[in-house]
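These are the residues of each chain, in order.
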Amino acid sequence: MPRIIAIINGKGGVGKTTTAVNLAAALSEKTRVLLVDADPQGSASWWVERGEEKMGFDLSRNTDPKLLGRLRKVEGYEIVVVDTPPALRSEALAAVVASADYVVLPTPPAPMDLTVLIETVREAIMPVGTAHRVLLTRVDTRSLGEALEAQNTLLELGIPACNAFVRAYKAHERAALDGVPITKAKGKNAREAEADYRRVAEEIQRDWRK
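The notes below deal with the structure included here. (Residues numbered from 1 in each chain as written. Predicted model: local features only at pLDDT ≥ 70, side-chain atom pairs only at ≥ 80, totals over all residues. Heavy atoms only, no water.)

**Section: the overall build of the chain**
Stage number 1. Secondary structure summary: the chain contains eight helices and six strands in total.
Stage number 2. In the chain, the succession of helices and strands from N to C terminus is β-α-β-α-β-α-β-α-β-α-β-α-α-α.
Stage number 3. Computed over C-alpha atoms, the radius of gyration of the chain comes to 16 Å, within 12% of the 17 Å expected from 2.2 N^0.38 for 210 residues, which places it in the range of a compact globule.
Stage number 4. Contacts in the chain between residues at least 24 apart in sequence constitute 77% of all its contacts with a sequence separation of at least 6.
Stage number 5. Summed over its atoms, the accessible surface of the chain is roughly 10000 Å², and 49% of this surface lies on carbon and sulfur atoms.
Stage number 6. Across the chain, the 29 positively charged side chains and the 28 negatively charged ones have centroids separated by 2 Å. (Helix = DSSP H or I, 4+ residues; strand = E, 2+ residues; numbered from the N terminus. Rg over C-alpha atoms; globule rule 2.2 N^0.38 Å. Contact = heavy atoms within 4.5 Å. Areas by Shrake-Rupley, 256 points an atom, 1.4 Å probe, with all protein chains shown as cover. Lys, Arg positive; Asp, Glu negative; His and termini not counted. Charge placed at Lys NZ, Arg CZ, Asp CG, Glu CD.)

Set out below in structure tokens:
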């Protein structure tokens, strides 16, 4: 059976699809990966379909809760990454969480974003007991202290967070417009942005192997 990794947040605009696409790309360099776009907005599908070259992983668009509940039966892949809808009470999200082996919760470190994230963890993740980790995204390179404060806040609340975080670079927007993952992006700060997601992928893999 494949390992199911769900990318979740009850709020949009937090880097959820960026994380899903780039994690899938980084992980696909060593194993067969399927990215499932379960978000009705279809942002991941839009991103992948813009590109002229292969992303390194396969894509499936599916928002049917019944089918999403059978992700463990998917054959031919070692890892399935799911980009979920930003709706805490959706049937699709509940189906994915119930099937997931591991949940990644992207969020900017701003207090308002953290408040929504904490609600997401308490309402959607903790009751199920799925292994999870918060990923701080869109971190301002000029105020890294905000990210460290957010990590400490989560630690105090007993919510696990990645040590690695994703800094805010225009390279992420350019990669989406070009239809490539950050691992294949070009231009200013592309390698710094790539390094962030590679660190995240390595940390998550170490965590689930414990």
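**Structural notes on the pattern of salt bridges**
Stage number 1. Inspection of every chain in the model, using the stated rule, returns 13 salt bridges.
Stage number 2. A salt bridge links R32 to D58; the shortest N-O distance between them is 3.5 Å. Here the residue R32 occupies a position in the loop between α1 (16-27) and β2 (33-37), and D58 occupies one in strand β3 (residues 58-61), the gap between them amounting to 26 residues.
Stage number 3. For E194, the salt bridge is made with R198, and the minimal N-O distance between the two is 2.8 Å. (Salt bridge = Lys/Arg side-chain N within 4 Å of Asp/Glu carboxyl O.)

**Concerning the side chain of T107**
Stage number 1. Here T107 shows up in strand β5 (residues 102-107).
Stage number 2. Residue contacts for T107: discarding those within four places in its chain leaves N9, V14, D113, L114, L117, V134, L135, L136 and T137.

**As for helix α8 (residues 190-208)**
Stage number 1. Taking 1.5 Å of rise per residue, 19 residues should cover 27 Å, and α8 covers 27 Å from first to last C-alpha, within 8% of that figure.
Stage number 2. Taken together, the buried positions of α8 are occupied by A190, A193, E194, D196, Y197, V200, A201, E203, I204, Q205, D207 and W208.
Stage number 3. Packing partners of the buried residues in α8 comprise β1 (3-7), α1, β4 (79-83), β5, β6 (131-136) and α7 (170-178). (Expected span 1.5 Å × (residues − 1). Buried < 20%, exposed > 50% of the residue type's maximum accessible area, 1.4 Å probe, protein only.)

**A closer look at the layout of surface pockets**
Stage number 1. In this structure, the largest pocket occupies an estimated 470 Å³ of space.
Stage number 2. In the lining of the largest pocket, the residues fall into seven nonpolar, nine polar and seven charged.
Stage number 3. Forming the walls of the second largest pocket are 13 residues, and the residues nearest its centre are A26, L27, K30, E202 and Q205.
Stage number 4. At the level of secondary structure, the elements contributing two or more residues to the lining of the second largest pocket comprise α1 and α8.
Stage number 5. Per-element accounting of the lining of the second largest pocket gives the leading share, five residues, to α8.
Stage number 6. Looking at the lining of the second largest pocket residue by residue, the classes come out as five nonpolar, two polar and six charged. (1 Å grid on protein atoms, 1.4 Å probe; cavity = no way out; pocket = protein on both sides within 12 Å on 5 of 7 lines; lining within 4 Å. Points joined across faces, edges and corners; volume = space filled by probe spheres on them. Nonpolar A, V, L, I, M, F, W, Y, C, P; charged D, E, K, R; others polar.)

**Quick look at the environment of L35**
Stage number 1. Tracing the chain through its elements places L35 in strand β2.
Stage number 2. Judged by its relative accessible area of 0%, L35 is buried.
Stage number 3. Along the chain, L35 and V74 lie 39 residues apart, while their C-alpha atoms are 12 Å from each other.

**A word on the pairing of β2**
Stage number 1. Counting buried positions along β2 gives five out of five residues, so the element sits mostly inside the fold.
Stage number 2. Burial along β2 is two-sided: V33, L35 and D37 and L34 and V36, pointing in opposite directions, are all buried.
Stage number 3. Taken together, the five bridges between β2 and β4 define a ladder with parallel strand orientation. Paired with V36 across the bridge in β4 is V82.
Stage number 4. Bridge count between β2 and β3: four bridges; the pairing is parallel. (Pairing = 2+ DSSP bridges.)

**Digging into the sheet that holds β3**
Stage number 1. The strand order β3-β2-β4-β1-β5-β6 describes an open sheet built from six strands, whose pairing is parallel. Edge positions in the open sheet fall to β3 and β6, since each of these has one partner strand only. Taking each pair of neighbouring strands and ignoring which way they run, the sheet shows an average axis angle of 20°.
Stage number 2. On the sheet, α1 packs against β1, β2, β4, β5 and β6 and is oriented at approximately 165° with respect to β4. (Axes fitted to C-alpha atoms, helices over the stretch in contact; angles between N-to-C directions.)

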